[in-house]
Amino acid sequence: MDFAKVILKPKKEESLQRFHPWVFSGAIQKIAGSPKEGDIVDVYTCNGEYCATGHYQIGSIAVRIFTFEKTEPGKSFWTEKLRRAYEMRRAIGLAESSDTDAYRLIHGEGDFMPGLGIDIYNKTAVMQAHSVGMHNIRQELAEGLIEVFGGKLENVYYKSESTLPFKANIDTEDGYLIGKDDKNYIATENGLKFQADWLKGQKTGFFIDQRENRALLEKYAKGRSVLNMFCYTGGFSFYALRGGAKEVHSVDSSAKAIELTKKNVELNFADCQNHEAYAVDAFKYLDDMQDRYDLIILDPPAFAKHRDVLRNALQGYKKLNAKAFEKIKPGGILFTFSCSQAVSKEQFRLAVFSAAAISGRNVKILHQLTQPADHPVSIYHPEGEYLKGLVLYVE
Ligand code: SAH
């Protein structure tokens, strides 16, 4: 099949030669053919040499590359990519693990499938398309998943209403591509249980990307008074409880999140007496609270979804962290995060540094955290590192 040809301006092939998977619209000299958003296109240098193949898209990223070899991507091509991703998760002990059945199988560019995310919850895969190209092949991908997992996967839920580019004007509905709702949303992470509500929950139902950071928190929880701010489904809270925390308070502005947190704590620790959860705004809670906590987690939503709001986002991180530094007990530990892709590691660190300086306290960095291994970063696409965290000891 002949795909439309995207011809680059002189020298604009250099990033592709380094396997970077994006072609920006400004790098294009002309397009031979008239591709629609989501169509497959081949990318050529201005001298007519083949560079790469990807999905065409309207916007600043014009092509999302999924291969640097001339191929005709059909079902077996996609299934092979899924198989490699599965192999990696098996190699790192996640797929087929006995105490964790929730993990990320496809992490966009990190798995050389830009525009696609797939999370596994036991027998159900939850698929999110961020590009029309991936949306168009959703059924093939779903069938590929079933093939790769053998009998271990039964359902594939498609959840892209809120992730597809709204300008593409795609009329899509969330629903099962394969299988059905098994009404059994209980997944397991490091032996702890949680209800993953992919139908109504945020992202694919659970923040899988904090798994390793939660496990680290568990180690520091013993005997401490813990505040889990922006708790969502309470992930950090039930690790802290298992770690032997004296008390755990979970806070989120969403009443639904608080309800889920309570349910998840109950699932793991029946009749738990040292956990409380409050539906309150973070800034209000931090202003009003006493200095009773010696372990605080700050895991806010992405303050900067786009580069143009970066300044405000950095101010937001500074303000939030300043409140924690002001109130945390001497000898306290702060786990602080940013999941904004637009905020770099250095910028986040600078915001937290400024907040620490305002408090005037001695602060030591214990750990520098990132996303877990099932959210890999392609070495050719450093932008894929989005989760940043610091663990700080506050004297
Ligand atoms: N730490 C969680 C994920 C946090 S997601 C986990 O491990 O799963 C961010 C959460 O922040 C969401 O649940 C959202 O409801 C909450 N949130 C957003 N704005 C808030 C605010 N101003 N005050 C308190 N919570 C807020």
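In this report, we go over the structure that sits alongside the text. Computed from a predicted model, the values in this text were never measured in an experiment.

1. Looking at the packing of aromatic side chains
Alright, step 1. Under the defined criterion, the tally for this structure stands at 18 aromatic pairs.
Alright, step 2. Taking 6.3 Å as the distance between ring centres and 65° as the angle between the ring planes, the aromatic pair formed by tyrosine 220 and phenylalanine 335 counts as edge-to-face. One end of the pair, tyrosine 220, is in helix α5 (residues 211-220); the other, phenylalanine 335, is in strand β18 (residues 332-338), and 115 residues separate them in sequence.
Alright, step 3. Looking at tyrosine 220, the relative accessible area reads 25%, which means it is partly exposed.

2. Some details on the sheet that holds strand β16 (residues 275-279)
Neighbouring strands of a sheet are bound in pairs by backbone hydrogen bonds; such pairs are parallel or else antiparallel.
Alright, step 1. Pairing is mixed across the open sheet formed by 7 strands, whose spatial order is β16-β15-β14-β17-β18-β20-β19. Bordering the open sheet on either side are β16 and β19 (363-369), each of which pairs with just one other strand. Averaged over all pairs of adjacent strands, the angle between strand axes in this sheet comes to 15°, irrespective of strand direction.
Alright, step 2. Relative to β18, strand β17 (residues 295-298) is paired through 4 bridges, and the arrangement is parallel. Along β18, the bridge assignment pairs isoleucine 296 with leucine 334.
Alright, step 3. Across the sheet, helix α6 (residues 235-242) lies against β14 (225-229), β15 (247-252), β16, β17 and β18, angled at about 180° from β15, the strand it touches most.

3. Examining the packing of helix α9 (residues 310-327) against helix α10 (residues 345-359)
Alright, step 1. Contact geometry of α9 with α10 gives a least axis separation of 8 Å together with a crossing angle of 40°. On the basis of the axis angle, α9 is oblique to α10. Crossing of α9 against α10: the hand is right-handed. Together, Leu310, Leu314, Tyr317, Lys318, Asn321, Ala322, Phe325 and Glu326 of α9 and Gln347, Phe348, Ala351, Val352, Ser354, Ala355, Ala356, Ile358 and Ser359 of α10 make up the contact between the two elements.
Alright, step 2. Per-class residue counts for the contact of α9 with α10 are 11 nonpolar, 4 polar and 2 charged.

4. Thoughts on the environment of phenylalanine 348
Alright, step 1. Along the polypeptide, phenylalanine 348 turns up in helix α10.
Alright, step 2. Through-space distance from the C-alpha of phenylalanine 348 to that of glycine 191 is 32 Å; in sequence the pair is 157 residues apart.
Alright, step 3. Ignoring any residue separated from it by four or fewer positions in sequence, one finds phenylalanine 348 in contact with Tyr317, Thr336, Phe337, Ser338, Val343, Lys388, Gly389 and Leu390.

5. Re the site of the ligand
Alright, step 1. Neighbouring the ligand are 15 residues; Arg214, Asp252, Asp281, Ala282 and Asp299 lie closest to it.
Alright, step 2. In the model, a nitrogen atom of the ligand is placed 3.0 Å from a nitrogen or oxygen of the phenylalanine 230 main chain.
Alright, step 3. A distance of 3.0 Å is found between a nitrogen atom of the ligand and a backbone nitrogen or oxygen belonging to serine 253.
Alright, step 4. When isolated, the ligand has an accessible area of 590 Å², and the protein chains bury 88% of it.
Alright, step 5. Residues belonging to the shell around the ligand are distributed by class as follows: 8 nonpolar, 3 polar and 4 charged.

6. Digging into the pattern of salt bridges
Alright, step 1. Summed over all chains, the structure comprises 19 salt bridges.
Alright, step 2. For glutamate 385, the salt bridge identified is with lysine 345, shortest N-O distance 3.7 Å. Of this pair, glutamate 385 sits in the loop between β19 and β20 (388-394) while lysine 345 sits in helix α10; the two residues are 40 residues apart in sequence, bridging distant segments of the chain.
Alright, step 3. Members of the salt-bridge network, linked through shared partners, are Glu80, Arg83, Arg84 and Glu147.

7. What about the side chain of threonine 67?
Alright, step 1. For threonine 67, the position within the fold is in strand β6 (residues 61-67).
Alright, step 2. A relative accessible area of 10% places threonine 67 in the buried class.
Alright, step 3. A polar side-chain atom of threonine 67 sits 3.1 Å from the main-chain amide nitrogen of glutamate 69.
Alright, step 4. Other than its neighbours up to four places away in sequence, threonine 67 contacts Tyr50, Ala52, Thr53 and Phe77.

8. Structural notes on α9
Alright, step 1. For α9, spanning 18 residues, the distance from its first C-alpha to its last is 26 Å, which sits close to the expected 26 Å at 1.5 Å a residue.
Alright, step 2. Burial in α9 covers these residues: Leu310, Ala313, Gly316, Tyr317, Leu320, Asn321, Ala322, Lys323, Ala324, Phe325 and Lys327.
Alright, step 3. Tucked into the core, α9 has its buried residues touching α8 (282-288), β17, β18, α10, β19 and β20.

9. Some remarks on the pairing of β18
Alright, step 1. Most of β18 is tucked away, with 7 of its 7 residues classed as buried.
Alright, step 2. Every second residue of β18 is oriented toward a common face, with Gly332, Leu334, Thr336 and Ser338 on one face and Ile333, Phe335 and Phe337 on the other, all of them buried.
Alright, step 3. Read as a crossover between parallel neighbours, the route from β17 over α9 to β18 is right-handed.
Alright, step 4. Note that β18 and β20 share 7 bridges and pair antiparallel. Bridged to serine 338 within β20 is lysine 388.

10. Here's the deal with the sheet that holds β6
Alright, step 1. A sheet is described by the order of its strands in space; here 6 strands give the open sequence β2-β6-β5-β4-β1-β3, paired in mixed fashion. The open sheet has two edge strands, β2 (22-24) and β3 (28-32), and neither has a second partner. Neighbour to neighbour, the strand axes of the sheet diverge by 35° on average, direction disregarded.
Alright, step 2. The pairing of strand β1 (residues 4-8) with β3 spans 4 bridges and is classified as antiparallel. Of the residues in β3, the one forming a bridge with valine 6 is isoleucine 31.

11. A word on a nonpolar patch on the surface
Alright, step 1. On the surface, Phe19, Phe112, Ile379 and Tyr380 cluster together into a nonpolar patch covering about 430 Å² of accessible area.
Alright, step 2. Along the chain, the position of phenylalanine 112 falls in the loop between β7 (102-107) and β8 (116-121).

What counts, and at which threshold
- Residues numbered from 1 in each chain as written.
- Predicted model: local features only at pLDDT ≥ 70, side-chain atom pairs only at ≥ 80, totals over all residues.
- Heavy atoms only, no water.
- Phe/Tyr/Trp six-rings, centres within 6.5 Å; stacked < 30°, edge-to-face > 60°.
- Helix = DSSP H or I, 4+ residues; strand = E, 2+ residues; numbered from the N terminus.
- Buried < 20%, exposed > 50% of the residue type's maximum accessible area, 1.4 Å probe, protein only.
- Pairing = 2+ DSSP bridges.
- Axes fitted to C-alpha atoms, helices over the stretch in contact; angles between N-to-C directions.
- Contact = heavy atoms within 4.5 Å.
- Parallel < 35°, antiparallel > 145°, perpendicular 65-115°, else oblique.
- Left-handed = near helix turned anticlockwise from the far one by under 90°.
- Nonpolar A, V, L, I, M, F, W, Y, C, P; charged D, E, K, R; others polar.
- Near = heavy atom within 4 Å.
- Polar contact = N/O pair within 3.5 Å; in protein donor to acceptor, adjacent residues only side chain to side chain.
- Areas by Shrake-Rupley, 256 points an atom, 1.4 Å probe, with all protein chains shown as cover.
- Salt bridge = Lys/Arg side-chain N within 4 Å of Asp/Glu carboxyl O.
- Expected span 1.5 Å × (residues − 1).
- Right-handed = clockwise from strand over helix to strand, strands pointing away.
- Patch = residues over 30% accessible without salt bridge, like charges linked within 9 Å, V, L, I, M, F, W, Y side chains within 5 Å.

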